[in-house]
Amino acid sequence: MGGDQRRDGLPGATDPAGTRPGAEPRPAGTPKIVGTAWGLLILNTLGSTGAKTIIPLPRSLIQMVTMGALVAAFALALAVNARLRIRASAYVLLLTLLLVASVISSAHLESGFGALFRCFRLALFVGTLWLLSRWWDGGLTFVRHHIRMYFAVLGSVAAGLAVSPGAALPDLYGGRLVGALWPLTPPQIGQYAAVIIGLTVLLLLGRRTDRVSAAVVIVPSLVLLALTHTRTATLGLLLGLVLAIGSLILTSAAARRFFTWAVLCATVAAVGFASALQAWFLRGQSKENFSSLTGRAKVWDALLAAPRSTSEQLFGVGLGDKSFGGLPIDNSWLAVYNEQGLIGVTLVAAIVIVLGGVALLRPPSLQRACAIFLISYCAIASYTEAGLGDASPYLLHLALAASLLAAPAEPAPLSTPDVPRRRVPRWAQRSEAI
């Protein structure tokens, strides 16, 4: 029902958000079912591979749950937006073009029939975003949905750590934290923790949440991030917050105070805990292993050196499992180049550039700062993580940034109702004539 309500506006007046009266009505509030659909999208992107869980879960069962979540998200979005009202979105349009390129590259079946299934999954993913774009109005509603869902995921990780520390900190991953109840890898957990920490810090600076609620999210998430020993997520969090808070410094005294204290604390930590920070950062690796990015550079060199036809260079080999020669690529740009070719790389680059450009052109605001954090985090993580070319948490982070950068929908002006003309009897007409 919430999606069918309209916000009234007076002719020649503006609404509380400062928008002008327009022809397109805006919903008075976001229906709860929209948040449910967003949470199901997050569930779909959790993946089906990872560490061994306390209770062994068949991969087929996990895939059934994640794919079922995507189908349910699309069905709910379609049900709540049955009239197919969508908002113009350059981000989702570029994703649609990327989907077309993926279908063209996968049609050759070089990656098998699984490529077509991944295209179908991406199509449902993009279609759901189109349906939900109706409620992208530059507000913080989706930010809260994002934080709550990922915090629930981290809650399952913490529960697995409490139930079975040995399974949650296995030797197979060098003692790094993994999902013991749901198969999640250390980079995944680190990513989720870093994203909700950054968003919650920004909400706190913007006075959109209180300190107690922020501490409930930030403190345990920091502990889980530290236990994952994930360098990419940590760097993405720090650099993303620097850029986001930097965009607020000129207009927010709270941002200036936080930035000053953060620099002071970072300086003290760098001097007093330099050896401990270095040990945490190196994770016991040798200099050779660290310089090759834990073996990633060798896979990258082999991928770039492999012979390719003109068609493979332009369109790639089709959607796959983001691996080359049986080893993970762990780089979004090279993964896109391998699967969707130079056309896919161009479209992904256009997505990042367009979102970044729009964020820079927006006036300083909390929404703009959150968008800058998400865009910069995804750009940093793309160097050592894959996911910008297929349905993934990174595309959801960028979709959230697009919703924050969307201009508020303009409410419809009140129209003067047509008053039916009263029929005058003939005898009255004759009397008036007399």
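Here the structure is a predicted model, which is why all the values come from computation and not from measurement.

Draft legend 1. Here's a closer look at helix α16 (residues 366-381). With 16 residues, α16 extends 23 Å between its outermost C-alpha atoms, agreeing within 8% with the 22 Å of an ideal straight helix rising 1.5 Å per residue. Judged by how many residues are buried, α16 sits mostly within the fold: 14 of 16 residues are covered.

Draft legend 2. Inspection of the nonpolar core at higher detail. Membership of the largest hydrophobic core comes to 100 residues, with the highest contact counts inside it found for Trp38, Tyr91 and Leu129. Per-element tally for this core: the top contributor is helix α7 (residues 186-205), with twelve residues. With residues up to four places along the chain from it excluded, the contact list for Tyr91 reads Leu129, Ile351, Leu355, Leu395, Leu398, Ala399 and Ala402. Listed in part, the six residues of the second largest apolar core include Leu303, Ile329, Ala335 and Tyr337.

Draft legend 3. The arrangement of the pattern of salt bridges in detail. A complete count under the given rule lists three salt bridges for this structure. Arg296 is paired through a salt bridge with Asp330; the nearest N and O atoms lie 3.5 Å apart. Of the two residues, Arg296 is situated in helix α13 (residues 296-305) and Asp330 in the loop between β2 (327-328) and α15 (332-361); the sequence distance between them amounts to 34 residues. Residue Arg296 is classed as buried on the basis of its relative accessible area, which comes to 17%. One salt bridge connects Asp390 with Lys322, and the closest N-O pair in it is separated by 3.2 Å. A residue pair is termed long-range when its members are at least 10 positions apart, and Asp390 in the loop between α16 and α17 (393-405) and Lys322 in the loop between α14 (310-315) and β1 (323-324) qualify at 68 residues. Look at the salt bridges and you will find they share partners, linking Lys322, Glu339 and Asp390 into a network.

So, how was this worked out
Residue numbering note: each chain is counted from 1, following its sequence as written. In keeping with the model being predicted, local features are shown solely for residues with a pLDDT of at least 70 and side-chain atom pairs are shown and tallied solely at 80 or more, while totals for entire chains, interfaces and linings include all residues. The side-chain quantities take in all heavy atoms of the structure and omit both hydrogens and water. A helix here means a DSSP run of H or I that spans at least four residues, while a strand means a run of E at least two residues long, and both kinds are numbered starting from the N terminus. Helix span is expected to be 1.5 Å times the residue number reduced by one. Only protein chains enter the calculation, and the probe is 1.4 Å; a residue is then buried if its accessible area is under 20% of its type maximum, exposed if over 50%, and partly exposed in between. Working definition of a nonpolar core: buried Ala, Val, Leu, Ile, Met, Phe, Trp, Tyr and Cys residues. They are joined through side-chain atoms within 4.5 Å. Two residues form a contact once any of their heavy atoms are found within 4.5 Å. Here, a salt bridge means any Lys or Arg side-chain nitrogen found within 4 Å of an Asp or Glu carboxyl oxygen.

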